[in-house]
Amino acid sequence: MVSVMSETEIRTVLQELAARAGVSLAALSRMLGRNDAYLQQFVQRGTPRVLAERDRKSLAEFFGVPETRLGAASIAGPMLVRRLAVAASAGPGATVYDEVMIGVEALDRQLARRLGLSDGAASVIRVRGDSMAPGLMDGDHLVVDQTDVQPGARGGLYVIRIGDALMVKRVRADSGGLVASSDNPAAPPLPDGPITVVGRVVWQMRLPS
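For clarity, every value in this text was computed on a predicted model and none was experimentally measured.

A. Representation of the environment of Thr 147. On the secondary structure map, Thr 147 appears in the loop between β5 (141–145) and β6 (156–162). By relative accessible area, which is 19% here, Thr 147 ends up buried. Each C-alpha atom, one on Thr 147 and one on Leu 51, is 7.5 Å from the other, the two residues being 96 residues apart in sequence. Residues within four places of Thr 147 in sequence aside, it is in contact with Val 50, Ala 52 and Ala 121. Of note is the side chain of Thr 147, whose polar atom sits 2.7 Å from the side chain of Asp 145.

Rendered as structure tokens:
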């Protein structure tokens, strides 16, 4: 059985370890190569929801504690990924409802490591529509890394929110901010509004036709 700490427990332990070591969360964030507010937001706002595996490892080494103190699974086994009752539209966008877990998917631990996933950091959602065809098709299931919310200039596939619409698009950063686009040239234009990144698509699952 895999034992995983709750998000609240992880945040509490991190604060206690930092206080005991006499180091600020801002200094720890800089050590990780993040912005100063990274760990403060994690502790106070739950953003990101979980620590990235590389960050957790670095913090555990700094404090001289096992990674299990900061949320690593105590027994290595398949990674359990939440399957949510939401669809990321590959069309104009599906209205966002509350995230409801309807099951779990088990990912091979080695595959999860290759994808850079941490326990509790990923979810599985379904694609609806064809605006990202042929790469993504209606009914595909996507594994989304919810700790990766900062697209670079080269871009990638991300699940995003624009207003109340949830969608999967190709997103890149430029001097004016984030730019989202569809792969299918026949797709309708995206709605106007600021882009909020939910996470990066790291794996695609499709039933054989």
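More follows now that the structure is in view.
B. Expanded view of the side chain of Asn 184. Note on placement: Asn 184 falls in the loop between β8 (177–181) and β9 (195–205). Overall, the relative accessible area of 18% leaves Asn 184 in the buried class. From its side chain, Asn 184 meets the backbone oxygen of Asp 130 in a polar contact 3.1 Å long. In terms of polar contacts, Asn 184 uses its side chain to reach the backbone amide nitrogen of Ala 186, at 2.9 Å. Dropping the residues within four chain positions of it, Asn 184 is found in contact with Asp 130, Ser 131, Met 132 and Ala 133.

C. Representation of the nonpolar core in the model. Core analysis: the biggest nonpolar cluster contains 18 residues, and Leu 14, Leu 39, Leu 59 and Phe 63 have the highest contact counts within it. Counting residues per element, the ones that place at least two in this core are α1 (7–21), α2 (25–31), α3 (38–45) and α4 (53–63). With five residues, the top contributor of residues to this core is α1. The contacts of Leu 14, once residues within four sequence positions are left out, are Leu 25, Leu 39, Phe 42, Val 43, Leu 59, Phe 63 and Leu 70. Ala 88, Ile 125, Leu 157 and Val 159 belong to the second largest nonpolar core, which has 14 residues in total.

D. Main features of the packing of aromatic side chains. Counted under the stated rule, the structure contains one aromatic pair. A ring pair is formed by Phe 62 and Phe 63, whose centres lie 5.2 Å apart and whose planes are at 80 degrees; its orientation type is edge-to-face. Judged by relative accessible area, Phe 63 falls into the buried class, the value being 15%. Sitting over the face of the ring of Phe 42, Arg 11 holds its NZ or CZ atom 5.5 Å from the ring centroid. Positioned above the aromatic ring of Tyr 38 is the side chain of Arg 34, whose terminal nitrogen or guanidinium carbon lies 4.5 Å from the ring centre.

Basis of the calculations
- Residues numbered from 1 in each chain as written.
- Predicted model: local features only at pLDDT ≥ 70, side-chain atom pairs only at ≥ 80, totals over all residues.
- Heavy atoms only, no water.
- Helix = DSSP H or I, 4+ residues; strand = E, 2+ residues; numbered from the N terminus.
- Buried < 20%, exposed > 50% of the residue type's maximum accessible area, 1.4 Å probe, protein only.
- Contact = heavy atoms within 4.5 Å.
- Polar contact = N/O pair within 3.5 Å; in protein donor to acceptor, adjacent residues only side chain to side chain.
- Core = buried A, V, L, I, M, F, W, Y, C linked by side-chain atoms within 4.5 Å.
- Phe/Tyr/Trp six-rings, centres within 6.5 Å; stacked < 30°, edge-to-face > 60°.
- Lys NZ or Arg CZ within 6 Å of the ring centre and 35° of its normal.

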